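Analysis of the macromolecular model
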Amino acid sequence: MVSSSMVTTDMSLSYCMVYMTAPSADEAQTIAQCLIQERLAACVHLCPPIEALFVWQGLQKRTEYPLMAKTTSQQQERLCQRAKELHSDSCPGIVVLPICHGVPDFLAWIKEQTTPPAPS
């Protein structure tokens, strides 16, 4: 169990995870690298493939590759837009999940990684 002193509920800066899937491992890798390089996400988990069943112009079944990106609420819209631009599906499933609590040092790291560098 994590003690209450190790988690924060400070909502002055909120954090979230953005969940999405890609139709191929290569596309998932491309999206993840771009989100990291553009500082839209601090970290992207590339998960093992899953089988998805869904209705899109009829019943569909395909293998998908989940991604989970950690970011700030300030970056979430830009991250979602960029992921949509990079995605080959016409209507990619991209959802934002709030992070309600977290270890303060970890949340500070997310903020640091998603803050653009100051102009020189």
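Described below are features of the structure shown in this document. If you're wondering where the values come from, they're calculated on a predicted model, not measured in any experiment.

Scoring rules and cut-offs
Residues numbered from 1 in each chain as written. Predicted model: local features only at pLDDT ≥ 70, side-chain atom pairs only at ≥ 80, totals over all residues. Heavy atoms only, no water. Buried < 20%, exposed > 50% of the residue type's maximum accessible area, 1.4 Å probe, protein only. Helix = DSSP H or I, 4+ residues; strand = E, 2+ residues; numbered from the N terminus. Arc of directions from axis to C-beta. Contact = heavy atoms within 4.5 Å. Core = buried A, V, L, I, M, F, W, Y, C linked by side-chain atoms within 4.5 Å. Pairing = 2+ DSSP bridges. Expected span 1.5 Å × (residues − 1). Salt bridge = Lys/Arg side-chain N within 4 Å of Asp/Glu carboxyl O.

1. Let's talk about helix α3 (residues 104–114)
Here α3 has its buried residues at Leu107, Ile110 and Thr114. Projected onto a plane normal to the axis of α3, the buried residues spread over an arc of 50° and lie on a single side. When the buried face of α3 is taken as reference, the exposed residues oriented beyond 90 degrees from it are Asp105 and Glu112. Buried positions along α3 lie against β1 (15–22), β4 (59–72), α2 (73–86) and β5 (94–99).

2. Details of the nonpolar core
Within the largest apolar cluster, 15 residues are counted, with the highest numbers of intra-cluster contacts made by Met20, Ile31, Leu35, Val44, Leu67 and Leu79. Listing elements by their share of this core, those giving two or more residues are β1, α1 (25–37), β4 and α2. Broken down by element, the residue count for this core peaks at four residues, all from α1. With six residues, the next largest nonpolar core counts Leu13, Ile99, Leu107 and Ile110 among its residues.

3. Things to note about the pairing of β1
β1 sits mainly inside the fold: six of its eight residues count as buried. Examined bridge by bridge, β1 and β4 share eight bridges and lie antiparallel to one another. Bridge assignment links Ala22 to a residue of β4, and that residue is Tyr65.

4. Things to note about α2
For α2, built from 14 residues, the straight-helix expectation of 20 Å at 1.5 Å per residue is met to within 8% by its first-to-last C-alpha distance of 20 Å. Listed in full, the buried residues belonging to α2 are Gln75, Leu79, Cys80 and Ala83.

5. Describing the pattern of salt bridges
Across all of its chains, the model carries four salt bridges by this definition. The partner of Glu64 in a salt bridge is Arg62, and the shortest N-O contact between them spans 2.9 Å. Owing to a relative accessible area of 9%, Glu64 belongs among the buried residues under this scheme. On the basis of relative accessibility, which here comes to 22%, the residue Arg62 falls in the partly exposed class. Where salt bridges share partners, they join Glu38, Arg82 and Glu85 into one cluster.

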